Amino acid sequence: MNGTIRVGNLFGIPFYIHPSWFLVLGLVTWSYSSGLAAQFPQLSAGLALLLGLMTALMLFASVVAHELGHSFVAIRQGIDVKSITLFIFGGLASLEKESKTPGEAFWVAIAGPLVSFLLCGIVTVIGVTTTASGPLAAILGVLASVNLALALFNLIPGLPLDGGNILKALVWKITGNPYKGVTFASRVGQIFGWVAILSGVLPLVLFGSAGNFWNLLVGFFLLQNAGNTAQFARVQEKLTGLTAEDAVTHDSPIVSANLTLREFADERVISGQNWHRFLVTDNDGQLVGAIAVDNLRTIPTAMWSETQVKEVMRPITESTTVQSDQPLLEVMQVLEQQKLSVLPVIRKNGVLVGILEKAAIIQLLQSRTQPNPA
């Protein structure tokens, strides 16, 4: 997953760490150990470093808890959580699909900040009721303030932050269109991204101060992700209402299982068709397998006239096919997830419709994007 390291499972959810996280862990550990050493001179350097590391790990545990909040609500809605990843800007819970209703989308989005608010409250109560003092009180104060900041930051109403997903759900509820919600929340996210960039650039240009450098990084993060989210939403909207059958390639490479290899070579290969792999159907038009041009080399040429395609073909499993009435957006996700460029399209009775190419989906998108001539 883009260079991430899998470190195990959390409640059955694959858990990954991006290499940049280790850099952040080191910086946070150094920062808090230095702060504790300055605030409490009686601490040895080793103990201050250990307490700084413990603080950093508890802070990242808070980020994981935040993402688990999203994940548990999504799971209760029947949405699979593909992974949780820690990276330089925090954490990310990757969900299999979107919620079905704006109400459900709202609760998935708000769950993370609610967990952070809850952790802030719990840590604050522990600090007050136990009358903690010294380094322990300092660590509890940091945990409470960071969880509060994590909740408030994520409530900024712009994608890809939780507040942006909440805004998306509200616009979806008002307009009845989830893609309008994504587009609006993405634009707000881009606005906040530019504001963050300016807050980092202006002090640097005017006063030579790099104190807001982190704002610059956050701004670029918001701009990039909000733009990508808006672009994907436009693709989703264009594909809405289309099925796999709408993108099937005309004159798909299909041959009968009863053809001899000689007939197959003369009619399909030598005739100039550029396909290297053909789908094979039986007398009822049902998909039974596939044959590649290279498979001809396994049979001596002298035997081509007495060998049928069905004797050489390879079987095709159901997992490598899609139903003709399956939404085209789902098909596109299957192509991406399985790293495929072509999929056979069949009807519920097994009859082959043809093949669907990733390039055909792109062409279909382009044709629906072009303005209609007057």
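A brief report on the enclosed structure follows. (Residues numbered from 1 in each chain as written. Predicted model: local features only at pLDDT ≥ 70, side-chain atom pairs only at ≥ 80, totals over all residues. Heavy atoms only, no water.)

Things to note about helix α6 (residues 178-207)
- For α6, which comprises 30 residues, the first-to-last C-alpha distance of 44 Å matches the rise-based estimate of 44 Å (1.5 Å per residue) to within 8%.
- By the N-cap criterion, in which a side-chain oxygen at the helix start approaches the backbone nitrogen of a residue two or three places on, α6 is capped by N177, the distance to Y179 being 2.8 Å. (Helix = DSSP H or I, 4+ residues; strand = E, 2+ residues; numbered from the N terminus. Expected span 1.5 Å × (residues − 1). Polar contact = N/O pair within 3.5 Å; in protein donor to acceptor, adjacent residues only side chain to side chain.)

Some points on the sheet that holds strand β7 (residues 287-292)
- Overall, mixed pairing links the 3 strands, which are arranged β5-β6-β7 in an open sheet. At either margin of the open sheet sits one strand with a lone partner, and together these are β5 (254-256) and β7. Averaged over neighbouring strand pairs, the angle between their axes works out to 35° when direction is ignored.
- Judged from the 3 bridges that link them, β5 and strand β6 (residues 277-281) form a sheet pairing that is parallel. The partner of V255 across the bridge, within β6, is V280. (Pairing = 2+ DSSP bridges. Axes fitted to C-alpha atoms, helices over the stretch in contact; angles between N-to-C directions.)

Structural notes on the sheet that holds strand β9 (residues 342-346)
- One open sheet accounts for 3 strands, arranged β8-β9-β10; its pairing is mixed. Both outer strands of the open sheet, β8 (322-323) and β10 (352-357), are each paired with one neighbouring strand and no more.
- Pairing of β9 with β10, which is carried by 5 bridges, proceeds in the antiparallel orientation. The residue bridging L343 from the neighbouring strand is L356, located in β10.

Notes on a nonpolar patch on the surface
- On the surface, L198, L202, L204, V205, L206 and F207 cluster together to form a nonpolar patch covering roughly 660 Å² of accessible area.
- Structurally, L202 can be placed in helix α6. (Patch = residues over 30% accessible without salt bridge, like charges linked within 9 Å, V, L, I, M, F, W, Y side chains within 5 Å. Areas by Shrake-Rupley, 256 points an atom, 1.4 Å probe, with all protein chains shown as cover. Salt bridge = Lys/Arg side-chain N within 4 Å of Asp/Glu carboxyl O.)

A closer look at the packing of aromatic side chains
- Throughout the structure, instances matching the rule amount to 6 aromatic pairs.
- Geometrically, the ring pair formed by F11 and F72 is edge-to-face, given 5.4 Å between the ring centres and 80° between the ring planes. Placement of the pair is F11 in the loop between β1 (5-10) and β2 (13-17) and F72 in helix α2 (residues 45-76), with a sequence separation of 61 residues.
- Overall, the relative accessible area of 65% leaves F11 in the exposed class. (Phe/Tyr/Trp six-rings, centres within 6.5 Å; stacked < 30°, edge-to-face > 60°. Buried < 20%, exposed > 50% of the residue type's maximum accessible area, 1.4 Å probe, protein only.)

Quick notes on the environment of I5
- You can see I5 is positioned in strand β1.
- A sequence separation of 290 residues divides I5 from N295, and the C-alpha atoms of the two residues are 39 Å apart.
- The contact partners of I5, leaving out residues within four places of it in the chain, are F15, Y16, I17 and F22. (Contact = heavy atoms within 4.5 Å.)

Let's talk about the environment of A247
- With respect to the helices and strands, A247 occurs in the loop between α7 (213-239) and β5.
- Taking the C-alpha atoms as reference points, A247 and L36, 211 residues apart in sequence, are found 62 Å from one another.
- Aside from chain neighbours lying at most four places away, what touches A247 is L328, I355, L356, A360, I361 and L364.

Some thoughts on the pairing of β6
- The element β6 is largely enclosed, with a buried count of 4 among its 5 residues.
- The pairing of β6 with β7 spans 5 bridges and is antiparallel. Across the sheet, T281 pairs through a bridge with L287, a residue of β7.
- In sequence, β6 turns back onto β7 through a hairpin of 5 residues, with G285 there showing a positive phi of about 80°.

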